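Summary of the model geometry
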Amino acid sequence: QVRVKLGKVDANSEFAFVDNGGEFINSSAGFSPTILAFPSYPDPAFSGNLFVYSEPDGGGAYGGVGLYDGAVQEGFATGQRGVSTLFGEPLDLFLIAEVGVSHDSPMGPGRIGVGGWRHTGTVDRFDGGRESRTSGGYLVFDQSLYRHNPGDPEDARGIGLFAQYGWA
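Residues numbered from 1 in each chain as written. Predicted model: local features only at pLDDT ≥ 70, side-chain atom pairs only at ≥ 80, totals over all residues. Heavy atoms only, no water.

Moving on: the overall build of the chain. Secondary structure summary: the chain contains one helix and seven strands in total. Ordering the α and β elements of the chain from the N terminus gives β-β-β-α-β-β-β-β. The C-alpha radius of gyration of the chain comes to 17 Å, within 12% of the 15 Å expected for a compact globule of 168 residues. The principal-axis extent of the C-alpha atoms belonging to the chain is close to 50 × 35 × 25 Å. (Helix = DSSP H or I, 4+ residues; strand = E, 2+ residues; numbered from the N terminus. Rg over C-alpha atoms; globule rule 2.2 N^0.38 Å.)

Once that is clear, we can look at the packing of aromatic side chains. By the definition in use, this model includes six aromatic pairs. An aromatic cluster is present here, built from Phe15, Phe51, Tyr53 and Tyr62 joined pairwise through their rings. (Phe/Tyr/Trp six-rings, centres within 6.5 Å; stacked < 30°, edge-to-face > 60°.)

Sheet analysis places strand E2 (residues 45–53) next to strand E3 (residues 60–69), joined by seven bridges and oriented antiparallel. Note that in E3 the partner of Val52 across the bridge is Gly63. Connecting E2 to the next strand, E3, in antiparallel fashion are six residues, including Gly58 with a positive phi near 90°. As defined by bridge partners, E3 adjoins strand E4 (residues 93–105) across 10 bridges and the pair is classed as antiparallel. In the sheet register, Ala61 faces E4, and the bridge partner there is Val101. (Pairing = 2+ DSSP bridges.)

Purely spatial values, then, with no claim about function.
What follows is the structure, given as structure tokens:
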């Protein structure tokens, strides 16, 4: 009921994802484009993640937090580096947390989650200035509506629905 992950992690595999958006060519369907400096493909970052689940199979209510190297905002390709930017310059961090509920209904699996994030580095503003730190939030809804062959886990054919809301 507790899961800990430490190492080079794609944050989109842990937070703010929608499974039904994963098949689109444009990656913004898979996660909110409002999350600035999201440590995702091709630049996952060194991180620590902690999740707690109400049910042993990972279903039901859940909560998770993550602490990531935030150097990608300063132009460092964190996907090609080890932990050097985590403990050295720049000392930027990307923090994220999410709570939600996942379930398995007769239509198929579903999830609703709400989360928030914060980046401790310096960011450019639209008016030309610079801002120290930035943050935002998101809401994700993901539900399978129909599975062609629900007894076969290898058969991904079906119909799904997802919605996202994000602000920064």
